[in-house]
Amino acid sequence: MLKIHKVSARIAGITVLRGIETEFSPGQLLAVVGRNGAGKTTLLRAIMGLLPLSSGSISINGTDIASVPGHRRTEFGIGYAPEDRVMYPTFTVEENLRLPCEVLGLPEAEIKRRLERVLDVVPQLEPMLARSGAALSGGQGKMAALGRALMAGTKLVLLDEPFQGLAPVLANQYAESLRKLHQLDPALCIVVTESNRSLLRDLPDATLTLERGELVEGEALTH
Ligand SMILES: Nc1ncnc2c1ncn2[C@@H]1O[C@H](COP(=O)(O)OP(=O)(O)OP(=O)(O)O)[C@@H](O)[C@H]1O
Ligand SMILES: [Mg+2]
């Protein structure tokens, strides 16, 4: 579905992704693991068009998305929960969740349908909907960021280190949400990055390992 072909990228003149070659397939729950600074966030940002490629290409179902600007990549059904999760503080949680769909210009009935799906998968969000985006704890913000990524991500969801810093109870709930999502939507591809792979427990059905911007064979020691 999403093909990453010989992708390299530089930040401030330094090469941080080197010749990444891989493919994300429908129905996968894929982990991307690697030490701090290995390039996990950069890879997700490159997919989202938030960082120019220095070489290589990224395509979705055969369409090269190089010319598609970042703000239009959600049109491909890609949802993204960044590491820093940013909820807009002047909007309610519900407004934050709706935002990617409203940017896409989806009809109200479709937005409602997606919101119901999100609340089915992440029921903890229900009592938070009317609250301000600024009124959430770190863990609640992560749940809300997952919800927002799911509002846009009908084909692919990219979650950047969601388990980092989550209290054990919330981490269990988060893992439970991902399991449920995987069951409810068997064609959805879910990609989760993590520097501490033990936090992922038995969730992923495949794992890619990044080392200094390169994909390596086997499983590196990450901690
Ligand atoms: N804004 C930036 N300016 C300069 N260098 C950067 C910047 N962002 C990332 N880098 C460098 O790019 C490399 C990859 O960083 P990246 O954030 O993708 O790693 P990561 O695997 O997500 O790490 P972490 O586990 O800490 O989130 C690192 O060497 C990092 O120092
Ligand atoms: Mg990162």
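Use the structure listed above.
A brief structural summary. Keep in mind the model is a prediction, meaning the values are calculated, not measured. (Residues numbered from 1 in each chain as written. Chains lettered and ligands numbered in written order. Predicted model: local features only at pLDDT ≥ 70, side-chain atom pairs only at ≥ 80, totals over all residues. Heavy atoms only, no water.)

**Comments concerning the side chain of asparagine 96**
Summarising the element assignment, asparagine 96 is placed in helix 2 (residues 93-103). Taking relative accessible area as the criterion, asparagine 96 reaches 0% and is therefore assigned buried. Aside from chain neighbours lying at most four places away, what touches asparagine 96 is Met87, Tyr88, Phe91, Gly133 and Arg148. (Helix = DSSP H or I, 4+ residues; strand = E, 2+ residues; numbered from the N terminus. Buried < 20%, exposed > 50% of the residue type's maximum accessible area, 1.4 Å probe, protein only. Contact = heavy atoms within 4.5 Å.)

**Quick look at a nonpolar patch on the surface**
There is a patch of nonpolar side chains on the surface, built from Val86, Tyr88 and Phe91 and spanning about 260 Å² of accessible area. One can find phenylalanine 91 in the loop between strand 6 (78-81) and helix 2. (Patch = residues over 30% accessible without salt bridge, like charges linked within 9 Å, V, L, I, M, F, W, Y side chains within 5 Å. Areas by Shrake-Rupley, 256 points an atom, 1.4 Å probe, with all protein chains shown as cover. Salt bridge = Lys/Arg side-chain N within 4 Å of Asp/Glu carboxyl O.)

**Observations regarding the site of ligand 1**
Contacts to ligand 1 come from Ile11, Val16, Arg35, Asn36, Gly37, Ala38, Gly39, Lys40, Thr41, Thr42, Glu83 and Glu161. Here an oxygen atom of ligand 1 sits 3.0 Å away from a polar atom, N or O, in the main chain of glycine 39. Side-chain polar atom of glutamate 161 to an oxygen atom of ligand 1: 2.8 Å apart, as the coordinates give it. Out of a free accessible area of 640 Å², ligand 1 has 58% covered by protein chains. (Near = heavy atom within 4 Å. Polar contact = N/O pair within 3.5 Å; in protein donor to acceptor, adjacent residues only side chain to side chain.)

**As for the side chain of aspartate 185**
When you line up the elements, aspartate 185 lands in the loop between helix 5 (168-184) and strand 8 (189-194). In contact with aspartate 185, not counting residues within four places along its chain, are Arg117 and Thr154.

**What about helix 2?**
Every buried residue of helix 2 is listed here: Val93, Asn96, Leu97, Arg98, Pro100 and Cys101. Considering only its buried residues, helix 2 is in contact with helix 3 (108-121) and helix 4 (138-152). A positive backbone phi angle near 70° is found at glycine 105, which sits one or two residues after helix 2.

**Details of the packing of aromatic side chains**
Under the criterion given, the structure shown has 2 aromatic pairs. Ring geometry for tyrosine 88 against phenylalanine 91: centres 6.0 Å apart, planes inclined by 55°, an arrangement best described as tilted. In this structure phenylalanine 91 comes out as partly exposed when scored by relative accessible area, which is 32%. With a centroid separation of 5.3 Å and an interplanar angle of 65°, the aromatic rings of phenylalanine 163 and tyrosine 174 are classed as edge-to-face. Within this pair, whereas phenylalanine 163 is found in the loop between strand 7 (156-159) and helix 5, its partner tyrosine 174 is found in helix 5, the two being separated by 11 residues in sequence. Of the two residues, phenylalanine 163 and tyrosine 174, neither departs from the other in class, the shared state being buried. (Phe/Tyr/Trp six-rings, centres within 6.5 Å; stacked < 30°, edge-to-face > 60°.)

**Re the sheet that holds strand 6**
Within the open sheet, the 6 strands sit side by side as 6-7-8-3-9-10. Their pairing is mixed. Here the strands that pair on one side only, and so sit at the sheet edges, are strand 6 and strand 10 (214-216). Here the average twist between neighbouring strands, direction ignored, is 25°. Inspection of the sheet shows strand 3 (residues 29-33) paired to strand 9 (residues 206-211) by 4 bridges, in the parallel sense. Within the sheet, the bridge partner assigned to alanine 31 lies in strand 9 and is threonine 207. On top of the sheet, helix 4 reaches strand 6 and strand 7; it is set at about 165° to strand 6, its chief contact. (Pairing = 2+ DSSP bridges. Axes fitted to C-alpha atoms, helices over the stretch in contact; angles between N-to-C directions.)

**Let's talk about the pattern of salt bridges**
Applying the stated criterion to the full structure yields 13 salt bridges. A salt bridge links arginine 98 to glutamate 108; its shortest N-O distance comes to 2.9 Å. Here arginine 98, found in helix 2, pairs with glutamate 108, found in helix 3; they are 10 residues apart in sequence, far enough to count as distant. Given a relative accessible area of 37%, glutamate 108 falls into the partly exposed group. As a salt-bridge pair, glutamate 176 and arginine 179 come within 3.5 Å of each other at their nearest N and O atoms. Of this pair, glutamate 176 and arginine 179 both sit in helix 5, 3 residues apart, which is roughly one turn of the helix. Here the salt bridges do not stand alone but share partners, grouping Glu94, Arg98, Glu102, Glu108 and Lys112 into one network.

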